[in-house]
Amino acid sequence: MKIKVLGAILIALGLPFSVQAAEKPHVCVVMKSLANEFWRTVEIGVRDYAKENQDKFTFEAVGLKNESDIDTQINAIEGYITKQCDVIAVAPANSVALIPSIKRAMNAGIVVVNFDVRLDKKAAQQMGLPEDFLFVGPDNKLGAFEAGDYLAKNLPKNANVVIIEGNPGAENAIERKEGYIKAVNDNNLNLLASRTAHWETEEANTLMTNLLTRYPNIQGVMSANDSMVLGVVKAIEAAGKTGEIKVVGFDFIAPVKQLMKDGKVLASEDFFGKDLAVNAVKAGMKIYSGENLTGWVKTPVRLVTSKDVQNEMPE
Amino acid sequence: MNTKSITRSLLKEAGIGLALVLLVVLFALSHDKFLTVSNISNILQQISINTIIAAGMTFVILLGGIDLSVGSVLALSAVVGAKIMTEFGLPSDMAILFAVLGSVICGTLCGAISGAICEKWRIHSFIVTLGMLNIARGTALEVADARTIFGFPMSFNAFGAQTIFHIPVIFIVAVVIVIIGIVVLKKTVYGRMIYAIGNNEESVRLSGHNPKFYKIIAFAICGGATGLAAVMYMLRLNIANPILGVGFELNAIAAVVIGGTSLFGGKGSMLGTFLGACIMGVLGNGLLLIGLGDFTRQIITGVVIILAVILDTYRSRLEAKLTE
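Every value quoted in this text rests on a predicted model; they were computed, and no experiment measured them.

About the criteria used
- Residue positions are given per chain, counting from 1 as you read along its sequence in written order.
- Here the convention is simple: chains get letters from A, ligands get numbers from 1, in the order in which they are written.
- With pLDDT at 70 or above as the cut-off, local features in this predicted model cover only qualifying residues; side-chain atom pairs require 80 or more to be listed or tallied, and sums for whole chains, interfaces and linings still use all residues.
- Each side-chain value is worked out from all heavy atoms of the structure, with water and hydrogens disregarded.
- Each helix is a run of H or I in the DSSP string that is no shorter than four residues. Each strand is a run of E no shorter than two, and both are numbered from the N terminus.
- Between two residues, a contact is recorded if the distance between any of their heavy atoms is within 4.5 Å.
- Two aromatic rings from Phe, Tyr or Trp, using only the six-membered ring of Trp, form a pair when their centres are within 6.5 Å; if the ring planes differ by under 30 degrees the pair is stacked, by over 60 it is edge-to-face, and anything between is tilted.
- Any residue under 20% of the maximum accessible area for its type is buried, any over 50% is exposed, and the rest in between are partly exposed; the area is computed with a 1.4 Å probe on protein chains only.
- When the NZ atom of lysine or the CZ atom of arginine is within 6 Å of a ring's centre and also within 35 degrees of its normal, the charge is said to sit over that ring.
- Every angle, taken between N-to-C directions, lies between 0 and 180 degrees, and every axis is a line fitted to C-alpha atoms, over only the stretch in contact when it is a helix.
- Note that the term roughly parallel is reserved for angles under 35 degrees, roughly antiparallel for angles over 145, roughly perpendicular for angles of 65 to 115, and oblique for everything else.
- Any residue outside Ala, Val, Leu, Ile, Met, Phe, Trp, Tyr, Cys, Pro, Asp, Glu, Lys and Arg is labelled polar, Gly included; the first ten of those are nonpolar and the last four are charged.
- Strand pairing is assigned whenever DSSP identifies at least 2 bridges connecting the two strands.

J.: What am I meant to see in the side chain of R236 of chain B here?
T.: Note on placement: R236 of chain B falls in helix α10 (residues 211-237). Ignoring any residue separated from it by four or fewer positions in sequence, one finds R236 of chain B in contact with E202, N205, T206 and K234 of chain A together with Q45, Q46, I49 and I170 of chain B.

This is the structure:
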């Protein structure tokens, strides 16, 4: 309680500035961990967009210390309610825990847009959110399937593959795993193991090294993000199997782009982090000006292959 | 040296050594690839970073302190080293030299600052290093702008992948650090002083020595070891990332405690820490090889940590009996 009061006071101190701009809607974005390279890109993208559209709305954003920092997100939303902002776009760190706060914000007449990770449908209904509550975000499952499918097309029939998972329980980790599993099943690949490396390079390196010992016959790797791809590629190099094992990832971060240029990574799924929050803000502004948006506004995902990268003009 | 004291010094590491041998035998029986040269080489590679951090941590824990910031300091040191290596357009030899120095100095400074604050205001290191954990992590993110840094000189990357008779170079570095640690703790005045302060700080002070100085040095050693571990990390993965090393402090503390060092200070050894790190590494590798799922592995790791320490209490009781 004390923290909330303190938060309210702090926000109140900043209030005089935003009140003056009352005619322009105030848009607040609640993001995930800014310590994550991908979210840093999301943040830069949306800040640039807000700067370009200064005349249309005022803007602020908050990020988290780490991926599972649910409390900070709840506190941020409470703060924004107190502050009476007009639009909140939120990328929930947890698909259930944020629902009550979102409900409170809506009751206070604030337009809320759910982006990146979809709120749990059942829980959302139970807690009284509209049945077809708007979600703006990428189709992680489709993206992972695309990457996995492309891997399969580049491997012989019944090839042996492993999946490197993200954090157990994280929504996008689950969806990406589902997409990869679908690619495995549709292409009759032989899945040797599916293990987590918690999104982390070092852990993925250790995991992959040990998997290679247990299954020397691995031919393909599907990784739930690109940070883990970095560790996987090093493990393959250390085992002297560069070129024998094909790797696909997700996020398309800069270091992996380099590896794709060198032919060490087959493909990665780009889902345009720069535009992710921007799309959510755009949707929020539409609703604010009276449009009725529901359902799933899919943001693009695109498979980028090493060939694409190699064909690109040198910068 | 009489028979009693020889038995006693053997016993000191026997409990933990026995646990390690047991684990190795168990895994060797359950999976035929466990005892292969390449797998052992992998395990050695995997334990190197934790061994170096834990070696530094041993100094601090022997004093009855703790350093929770090592994971973040590792990230900061790596990011600083990586920036030096990639951003100043230095010739690759110079770049590598300055990067290594930069990482180690950065780690040493973080440790020294934590230690100095603990001593100046008499705050428990638990709190100060908790603060440093956040400061170092935030600084690392700021310096790297939350991005992964890559594109190190080829010679640097190639060196990290090298092995000598199948022994990874980064493991050799780890062993050298452990040996230096053993010598410092056993043979130098400074080392004996660490034990003395851990046992009874007041009596050290009354005997005319200033414990503050020795304690700050211990934190600096811990930080310096962490900075060196950051270099090992970059050698191993050829990238630096400001979010690396989350939770490394707990692995290092686990290795030290499994190795028989008392969290209350004054009791323990560097060799024990090394064996503790080995146990952690063997466990991680072996459990995966025998094909256990993620969650089961985590449970078993927890159980083994506790069992190792229980085993150690029997060892101390036996030792106490022999002393009588």
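J.: Sorry if this is basic, but what is going on with the environment of F171 of chain B here?
T.: Residue and element names in this part refer to chain B. Its place among the elements puts F171 in helix α7 (residues 169-187). The spatial distance from the C-alpha of F171 to the C-alpha of G81 is 20 Å, given a sequence separation of 90 residues. Not counting residues up to four positions away in its chain, the partners in contact with F171 are L44, I47, S48 and F274.

J.: Would you explain the packing of aromatic side chains in this entry?
T.: If you walk through the whole model with that rule in mind, you get 11 aromatic pairs over all chains. Measuring from centroid to centroid gives 5.4 Å for F250 of chain A and F271 of chain A, while their planes differ by 70°, and the two rings are edge-to-face. With F250 of chain A in strand β9 (residues 246-250) and F271 of chain A in the loop between β10 (267-270) and α11 (273-288), the pair connects residues that are 21 residues apart, well separated along the chain. For the pair F250 of chain A and F271 of chain A, a shared accessibility class is recorded, and that class is buried. Taken together through their ring pairs, the aromatic side chains of F38, W39, F115, F250 and F271 of chain A make up a single cluster. Over the face of the ring belonging to F250 of chain A we find R176 of chain A, whose NZ or CZ atom lies 3.9 Å from the ring centre. Across the ring face of W121 of chain B, the terminal group of K120 of chain B is positioned such that the distance to the ring centre comes to 5.5 Å.

J.: Help me understand the packing of α7 of chain B against helix α8 (residues 189-199) of chain B, please; the structure alone is not making it clear to me.
T.: How two helices sit against one another is set out by the angle between their axes and by the gap between those axes. Residue and element names in this part refer to chain B. It is at 5 Å that the axes of α7 and α8 come closest, and there the two elements cross at 75°. One element, α7, and the other, α8, form an angle in the roughly perpendicular class. Packed against α7, whose contacting residues are V184, L185, K186 and K187, the element α8 presents V189, Y190, G191, R192, I194 and Y195 at the interface. Its residues assigned to classes, the contact of α7 with α8 shows 6 nonpolar, 1 polar and 3 charged.

J.: Would you take a moment to explain the sheet that holds strand β11 (residues 296-299) of chain A for this structure?
T.: Strands in a sheet are paired, the pairing made by backbone hydrogen bonds, and the direction either parallel or antiparallel. Residues and elements named next belong to chain A. Ordered by their spatial adjacency, 6 strands build an open sheet running β2-β1-β3-β4-β5-β11, and the pairing between neighbours is parallel. Strand pairing shows two members of the sheet lacking a second neighbour, β2 (58-64) and β11, which therefore form its edges. Each strand of the sheet is rotated relative to its neighbour by a mean of 20°, with strand direction disregarded. Two elements, strand β1 (residues 26-33) and β2, share 6 bridges in a ladder whose sense is parallel. For S33, the partnering residue across the bridge sits in β2 and is L64. On top of the sheet, helix α2 (residues 37-52) reaches β1, β2 and β4 (111-115); it is set at about 165° to β1, its chief contact.

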